[in-house]
Amino acid sequence: MKKALSAEERARRMAEDIWLNYFNRYLWEDGTISETEYKKMTEKIAMRSTKLSCERNER
C-alpha cells in the first residue's frame, strides 16, 4: 500500500516539475541542447508528472 502524499509533498513535486521545465527550456533557447534533446526531456518530465499523478489517484 502506498502512503498518501501530503499537500507539502505535492507542492514540492510540482515545484520540481516547474523548475525542470524552466531549465530545459533555458538550455534549448541558449543553444546548449538541440530541439530533439529538448523534446525528449520535455516528454520525460511529462511522464514523471503523469506517473506521480497516477500514484496519487491509486489511493
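Heads up: these notes are all about the structure in this document.

**A word on the packing of aromatic side chains**
At step 1: Taken as a whole and assessed by the stated rule, the structure comprises four aromatic pairs.
At step 2: On the numbers, 5.6 Å between centres and 85° between planes, the contact of Trp19 with Tyr22 is edge-to-face. One end of the pair is Trp19 and the other is Tyr22, both in helix 1 (residues 7–30) and three residues apart, which spans about a single turn.
At step 3: Relative to Phe23, the ring of Trp19 lies with its centre 5.4 Å away and its plane at 25°, an arrangement referred to as stacked.

**What to know about helix 1**
Given 3.6 residues per turn, any residue in an α-helix points the same way as the ones three and four places further on.
At step 1: For helix 1, built from 24 residues, the straight-helix expectation of 34 Å at 1.5 Å per residue is met to within 8% by its first-to-last C-alpha distance of 34 Å.
At step 2: Those residues of helix 1 not exposed but buried are Arg13, Asp17 and Asn24.

**Some words on the environment of Ser49**
At step 1: Tracing the chain through its elements places Ser49 in helix 2 (residues 35–57).
At step 2: For the pair Ser49 and Glu16, spaced 33 residues apart in sequence, the C-alpha separation works out to 9.8 Å.

**Focus: the side chain of Asp17**
At step 1: Tracing the backbone through its elements, the reader meets Asp17 in helix 1.
At step 2: Residue classification places Asp17 among the buried residues on the basis of a relative accessible area of 11%.
At step 3: Among the polar contacts made by the side chain of Asp17, one reaches the side chain of Arg48 at a distance of 2.2 Å.
At step 4: If we skip the residues at most four places from it in the chain, Asp17 touches Ile45, Arg48 and Ser49.

About the criteria used
- Residues numbered from 1 in each chain as written.
- Predicted model: local features only at pLDDT ≥ 70, side-chain atom pairs only at ≥ 80, totals over all residues.
- Heavy atoms only, no water.
- Phe/Tyr/Trp six-rings, centres within 6.5 Å; stacked < 30°, edge-to-face > 60°.
- Helix = DSSP H or I, 4+ residues; strand = E, 2+ residues; numbered from the N terminus.
- Expected span 1.5 Å × (residues − 1).
- Buried < 20%, exposed > 50% of the residue type's maximum accessible area, 1.4 Å probe, protein only.
- Polar contact = N/O pair within 3.5 Å; in protein donor to acceptor, adjacent residues only side chain to side chain.
- Contact = heavy atoms within 4.5 Å.

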